[in-house]
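Residues per chain are reported as follows:
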Amino acid sequence: MEKTRVLEIETMSINKQILLELYDRLFEAFGPRRWWPAESRFEVIVGAILTQNTAWRNVEKSIAQLKAKNVLSPESIYNMPVKELAALIRPAGYYNIKAERLKSFMRFLYNGYGGNLNRLLGTEMASLRKELLTVKGVGPETADSIILYAAEQPSFVVDTYTNRILYRHHLIPDDASYDIIRDFFMDRLPQNTALYNEYHALLVYTGKTFCSKTKPKCLQCPLQGLNQ
DNA sequence: CTCCAGGATA
DNA sequence: TATCCCGGAG
């Protein structure tokens with residue numbers, strides 16, 4: 001066997017251990033995050049679209065308004081005028097674009113799956129991901145959030161925090177793409193929905209609390225010293 | 001002022 | 001690659 005190949009395998013093995021240690025440190029420090037906070041799988045999907053580049057607390061206001069009007073359902077949103085929908089989700093920001101995105105998702109759901117959410121979410125993971133990525137307004141992070149937290153299938157969710165934390169611990173290069181980072185986890189961790197669920201939630205909590213873009217609190221971070 | 005469970009467009 | 005979308009909290 002070539003020497004470079006041997007080194008690749010050793011690096012892979014070391015990084016596996018680091019990813020497990022990373023998880024263990026965070027879980028030990030913070031415990032289970034109980035994601036995704038939603039009452040239904042449909043609510044997860046709506047939340048996943050509304051939370052794009054938006055603080056969750058603002059999404060909660062929008063979800064609450066949809067519930068108050070009793071329109072948090074595929075058929076209601078499918079049939080609702082887009083302007084009316086935009087007004088209801090206003091607190092989430094980007095409300096015109098997000099209203100269009102919710103509508104486009106519902107058209108996708110009705111056109112391809114007869115409005116049957118179970119049928120969509122029951123699709124095998126790789127196919128489901130490709131399908132979701134055809135929806136205008138659903139990018140890789142939103143697709144993986146839907147797969148992991150609504151369909152409960154093991155697709156690792158990557159976000160800005162994931163990127164930053166791995167980069168700061170020298171596990172990925174500065175310019176690593178979404179799919180490279182996703183594969184970095186999925187090639188080294190067991191394909192386990194509960195693990196991916198908790199892992200992403202812990203990374204987000206850590207990113208917010210310690211690994212902020214400016215003024216990170218490295219000295220107090222549970223990941224201090226990980227991978228040198 | 002910056003930042004936030006991003007994605008589309010030119 | 002840069003710009004736009006946008007309210008709300010710190």
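Basis of the calculations
- Residues numbered from 1 in each chain as written.
- Chains lettered and ligands numbered in written order.
- Predicted model: local features only at pLDDT ≥ 70, side-chain atom pairs only at ≥ 80, totals over all residues.
- Heavy atoms only, no water.
- Helix = DSSP H or I, 4+ residues; strand = E, 2+ residues; numbered from the N terminus.
- Buried < 20%, exposed > 50% of the residue type's maximum accessible area, 1.4 Å probe, protein only.
- Areas by Shrake-Rupley, 256 points an atom, 1.4 Å probe, with all protein chains shown as cover.
- Near = heavy atom within 4 Å.
- Polar contact = N/O pair within 3.5 Å; in protein donor to acceptor, adjacent residues only side chain to side chain.
- Nonpolar A, V, L, I, M, F, W, Y, C, P; charged D, E, K, R; others polar.
- Core = buried A, V, L, I, M, F, W, Y, C linked by side-chain atoms within 4.5 Å.
- Contact = heavy atoms within 4.5 Å.
- Arc of directions from axis to C-beta.
- Disulfide = S-S within 2.5 Å.
- 1 Å grid on protein atoms, 1.4 Å probe; cavity = no way out; pocket = protein on both sides within 12 Å on 5 of 7 lines; lining within 4 Å.
- Points joined across faces, edges and corners; volume = space filled by probe spheres on them.
- pLDDT = per-residue confidence, 0-100.
- Expected span 1.5 Å × (residues − 1).

**Q** Hey, could you run me through the overall build of chain A in this one?
**A** For chain A, the count of helices and strands is twelve helices and zero strands. Beginning at the N terminus, the succession of helices and strands in chain A can be written as α-α-α-α-α-α-α-α-α-α-α-α. If you line up chain A on its principal axes, its C-alpha atoms span 60 × 40 × 30 Å. Out of the 228 residues belonging to chain A, those deemed buried represent 46%. Summing over all exposed atoms, chain A offers an accessible surface of approximately 12,100 Å²; the carbon and sulfur share of this is 50%.

**Q** So what exactly am I meant to see when it comes to the protein's contact with DNA strand B here?
**A** Around DNA strand B there are 24 residues in total, and Asn53, Gly137, Thr142, Tyr161 and Lys208 lie nearest to it. For DNA strand B, the backbone makes up 63% of the atoms found within 4 Å of the protein, where backbone means sugar plus phosphate. At 2.8 Å from a phosphate oxygen of DNA strand B is found a main-chain nitrogen or oxygen belonging to glycine 137. If you list the elements that add at least two residues to the surface near DNA strand B, you get α9 (140–150), α10 (160–168) and α12 (193–209). In terms of residue count, α9 provides more of the surface near DNA strand B than any other element does, three residues in total. Residue composition of the surface near DNA strand B, grouped by class: ten nonpolar, eight polar and six charged.

**Q** When you look at the protein's contact with DNA strand C in this model, what are you seeing that I'm missing?
**A** Neighbouring DNA strand C are the residues Arg57, Asn58, Lys61, Arg90, Pro91, Gly93, Tyr94, Tyr95, Asn96 and Ile97. Here the atoms of DNA strand C within 4 Å of the protein split so that 58% fall in sugar or phosphate, with bases taking the remainder. Measuring from a phosphate oxygen of DNA strand C, one finds a backbone N or O atom of tyrosine 95 at 3.4 Å. Contributions of two or more residues to the surface near DNA strand C are made by α3 (56–68) and α6 (95–113).

**Q** In this structure, what is going on with the nonpolar core? I would like to understand it.
**A** In this structure, Phe105 and Tyr199 are the most contacted members of the largest nonpolar core, which totals 73 residues. Each residue touching phenylalanine 105, except ones within four places of it in the same chain, is listed here: Ile45, Ile49, Leu120, Leu132, Val135, Val138 and Ile146.

**Q** Is there a simple way to think about helix α8 (residues 125–133) in this case?
**A** Helical periodicity: at 3.6 residues per turn, an α-helix aligns residues three or four positions apart in one direction. Met125, Leu128, Arg129 and Leu132 are the residues of α8 that are buried. The arc that holds the buried residues of α8, viewed along the axis, is 100°, so those residues lie on one side. The opening residue of α8 is glutamate 124, an N-cap whose side-chain oxygen sits 2.9 Å from the backbone nitrogen of alanine 126.

**Q** How should the state of the cysteines be read in this particular structure?
**A** Here is the idea: a disulfide is a covalent bond, and it sits between the sulfur atoms of two cysteines. Scanning the entire structure with this criterion turns up zero disulfides. Lacking any disulfide linkage, cysteine 218 is separated from the closest cysteine sulfur, that of cysteine 211, by 6.5 Å. Distance from the sulfur of cysteine 221, which forms no disulfide, to the nearest cysteine sulfur (cysteine 211) is 6.6 Å.

**Q** I keep staring at the layout of surface pockets and nothing clicks. Help me out?
**A** If a probe as big as a water molecule is rolled over the atoms, it shows which places are left empty. Its volume calculated, the largest pocket comes out at about 700 Å³. Thr51, Asn53, Thr54, Glu141 and Asp159 are the residues nearest the centre of the largest pocket, which is lined by 23 residues in total. For the lining of the largest pocket, the secondary-structure elements that each account for two or more residues are α9, α10 and α12. Per-element accounting of the lining of the largest pocket gives the leading share, four residues, to α9. When its residues are assigned to classes, the lining of the largest pocket shows ten nonpolar, nine polar and four charged. When its volume is computed, the second largest pocket comes out at roughly 190 Å³. Lining the second largest pocket are 14 residues, with Arg168, His169, Cys211, Cys218 and Leu223 sitting closest to its centre. For the lining of the second largest pocket, the class distribution of residues is seven nonpolar, six polar and one charged.

**Q** Whenever I open this one, the confidence of the model for chain A confuses me. Can you help?
**A** Any segment with low pLDDT has predicted coordinates that should not be analysed in fine detail. Mean pLDDT for chain A: 96, with 99% of residues reaching 70 or above. Summarising per-element confidence for chain A, the mean pLDDT is lowest in helix α1 (residues 3–30) (91) and highest in helix α2 (residues 41–50) (98).

**Q** How do you make sense of α12 when you look at a structure like this?
**A** An ideal rise of 1.5 Å per residue puts 24 Å on 17 residues; α12 measures up with 24 Å between its terminal C-alpha atoms. Those residues of α12 that sit buried are Leu195, Tyr196, Asn197, Glu198, Tyr199, His200, Ala201, Leu202, Leu203, Val204, Thr206 and Gly207.

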